[in-house]
Amino acid sequence: MRHLLSTAELGAADALRILDTAEEMSAVSGRQVKKLPTLRGRTVVNLFYEDSTRTRISFEAAAKRLSADVMNFAAKGSSVSKGESLKDTVQTLEAIGADAVVMRHWASGAAARLAASGWTDCAVVNAGDGTHEHPTQALLDALTVRRSVAERDGRDPRGTDLTGVDVLIVGDILHSRVARSNVWLLHTLGATVGLVAPPTLLPHTVETWPVRVHYDLDEALAAGPDAVMMLRVQAERMGGSYFPSAAEYARRWGLTDERLADYVRRVGSPAILHPGPMNRGVEISSAAADSPHTRALDQVSHGVAVRMAVLHLLLSGDHDRRTDRAPHPAPDRASTDGSPR
Ligand code: CP
């Protein structure tokens, strides 16, 4: 792997290699001394044009646990506000010594553009680009689902894909890069995927995705999926009104206390996921968010392990990136799926 830009272009073998490496990294994170020397002398830059708590901090923790140097760059408060371009920004960071750029950007396709541009020899990791993709989020979600199903079945998760596992993704699919990355990755790993949303929050090309679509959450939960992922309602990306009110959204598409209780009665020990940050009382009730079935904090911990695995696989070894330029044109599914850019 030279870059990690999307799960749409990640094969099953590479995805499993990341998940199994993350299991090893997770064991390191459980030790008293949470450090490995593998990236000593390497520099990782977190280049964030959009706000983040989990992704930025966990990439920083991941790089430091691998003994890399870390530079954090937030566009707010930088020369980006004076009009400096992405090209000049990245070349400035590379001149300071960056080997990898972990980038979050408001524009769909920004990470793929950077990787294909020839502006830099740095490895590029997409930490979320517009409504397009968030590949490390999907990988940490897959790790969480794989672990919870293996725990339930009393077996070791390592080396296994998600064949036979059913995952339901609920909510604001239209604006969600997390949903897109999860759909491609879960499908690649052999899982079946259902989507539940109001019709206004589904992209019009959803019929071309490898998913089944529901509009009624109770009906979808009655089928007993192994894991349910509640998505954040992304009010900041909504120019208009997509549903009557937050209360109506919670009543029809939210994981309420009653819905969770019914679902648990039916399946025993489900895994509830939420990528965060949560709108408590909208897509998930406060009691459901804090229930023992909800893995949101496990997802955050798994994020450190997955990001350690990704940085390790991209940057470790004797490979000299600066003499190995390869164009990497990535398919940008966001450009053809009709979703907002
Ligand atoms: N899940 C996620 O990407 O969270 P942050 O926006 O806090 O990084």
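Please read these numbers as outputs of a predicted model, since none were measured by experiment.

A short note on the site of the ligand
Around the ligand lies a shell formed by Ser-52, Thr-53, Arg-54, Thr-55, Arg-104, His-134, Gln-137, Pro-275 and Gly-276. In this structure, His-134 approaches the ligand through a side-chain N or O atom, which is 2.9 Å from an oxygen atom. One of the backbone nitrogen or oxygen atoms of Pro-275 is found 2.9 Å away from a nitrogen atom of the ligand. When the ligand is considered free in solution it has 260 Å² of accessible area, and contact with the protein chains removes 90% of it. Along the lines of polarity and charge, the residues of the shell around the ligand split into 1 nonpolar, 6 polar and 2 charged. Two domains each put at least three residues into the shell around the ligand: domain 1 (7-133 + 300-323) and domain 2 (135-295).

Some thoughts on the nonpolar core
In terms of nonpolar packing, the biggest core is built from 64 residues, with Leu-139, Ile-169, Ile-173, Leu-195 and Leu-311 touching the most fellow members. Here this core spans two domains, and each of domain 1 (7-133 + 300-323) and domain 2 (135-295) adds at least three residues to it. Those residues in contact with Ile-173, other than ones at most four positions away along the chain, are Ala-179, Arg-180, Leu-195, Ala-197, Leu-201, Leu-202, Pro-203, Trp-209 and Leu-231. Core analysis: the next-biggest nonpolar cluster, separate from the first, contains 23 residues, Leu-221, Val-228, Tyr-249 and Tyr-263 among them.

Observations regarding the pattern of salt bridges
All told, the structure shown has 20 salt bridges when counted by the stated rule. Notably, a salt bridge pairs Arg-146 with Asp-20, separated by 2.8 Å at the nearest N-O pair. Here Arg-146 is found in helix H5 (residues 135-153), whereas its partner Asp-20 is found in helix H1 (residues 12-29), with 126 residues between them in sequence. Residue classification places Asp-20 among the partly exposed residues on the basis of a relative accessible area of 21%. The residue Arg-152 makes a salt bridge to Asp-153 at a minimum N-O spacing of 2.9 Å. Taking relative accessible area as the criterion, Arg-152 reaches 40% and is therefore assigned partly exposed. Residue Asp-153 is classed as partly exposed on the basis of its relative accessible area, which comes to 41%. Taken together, the shared-partner salt bridges connect Asp-20, Glu-23, Arg-146 and Arg-147 into one network.

Describing unusual backbone geometry
The peptide bond linking Gly-276 to Pro-277 adopts the cis configuration, its omega dihedral lying at -10 degrees. Residue placement: Pro-277 occurs in the loop between strand S9 (271-273) and helix H10 (286-289). Unlike most non-glycine residues, Ser-67 shows phi in positive territory, near 70 degrees. Its location among the elements puts Ser-67 in the loop between helix H2 (54-65) and strand S2 (69-74).

Here we look at the environment of Ala-112
Mapped onto the secondary structure, Ala-112 falls in helix H4 (residues 110-117). Owing to a relative accessible area of 14%, Ala-112 belongs among the buried residues under this scheme. A C-alpha to C-alpha distance of 30 Å links Ala-112 and Leu-297, two positions 185 residues apart in sequence.

Description of the packing of H5 against helix H6 (residues 177-188)
Relative to each other, H5 and H6 sit at 55 degrees, their axes nearing to 8 Å. Regarding the angle of H5 to H6, the classification is oblique. Note on packing geometry: the crossing formed by H5 with H6 is right-handed. Where H5 approaches H6, its residues Pro-135, Gln-137, Ala-138, Leu-139, Asp-141 and Ala-142 are matched on the opposing element by Val-178, Ser-181, Asn-182 and Leu-185.

Here is what the cut-offs are and how they apply
- Residue indices follow the written sequence of each chain, beginning from 1 at its first position.
- Restriction of local features to residues with pLDDT of at least 70 applies here, the model being predicted, together with a cutoff of 80 or more for giving and counting side-chain atom pairs; totals for whole chains, interfaces and linings are based on all residues.
- Side-chain measures here rest on the full set of heavy atoms in the structure, leaving out hydrogens and waters.
- The criterion for a residue being near a molecule or strand is simple. One of its heavy atoms has to lie within 4 Å of it.
- N or O atoms closer than or at 3.5 Å make up a polar contact, with two conditions inside protein: a donor-capable atom paired with an acceptor-capable one, and, for residues adjacent in sequence, both atoms drawn from side chains.
- Using a 1.4 Å probe, the Shrake-Rupley method yields the accessible areas, and only the shown protein chains count as cover for residues.
- Amino acids are sorted into nonpolar (Ala, Val, Leu, Ile, Met, Phe, Trp, Tyr, Cys and Pro), charged (Asp, Glu, Lys and Arg) and polar (every other residue, Gly among them).
- Domain delimitation in this document rests on an assignment produced automatically or drawn from a domain database.
- Remark: nonpolar core denotes a set of buried residues (Ala, Val, Leu, Ile, Met, Phe, Trp, Tyr, Cys) joined through side-chain atoms within 4.5 Å.
- Relative accessibility under 20% of the residue-type maximum defines a buried residue, over 50% an exposed one, and the middle range a partly exposed one, all with a 1.4 Å probe and only protein chains included.
- In this description, contact between two residues means that some pair of their heavy atoms is separated by no more than 4.5 Å.
- By definition, a salt bridge exists where a carboxyl oxygen of Asp or Glu is found within 4 Å of a side-chain nitrogen of Lys or Arg.
- Put simply, DSSP marks the helices as runs of H or I at least four residues long and the strands as runs of E at least two long, and each gets a number from the N terminus on.
- The angle between two axes is taken between their N-to-C directions and runs from 0 to 180 degrees, where each axis is a line fitted to C-alpha atoms and a helix contributes only its stretch in contact.
- Roughly parallel means an angle under 35 degrees; roughly antiparallel, over 145; roughly perpendicular, 65 to 115; everything else is oblique.
- Working rule for handedness: look at the near helix, and if it is turned counterclockwise from the far one by less than a right angle, call the crossing left-handed; if clockwise, right-handed.

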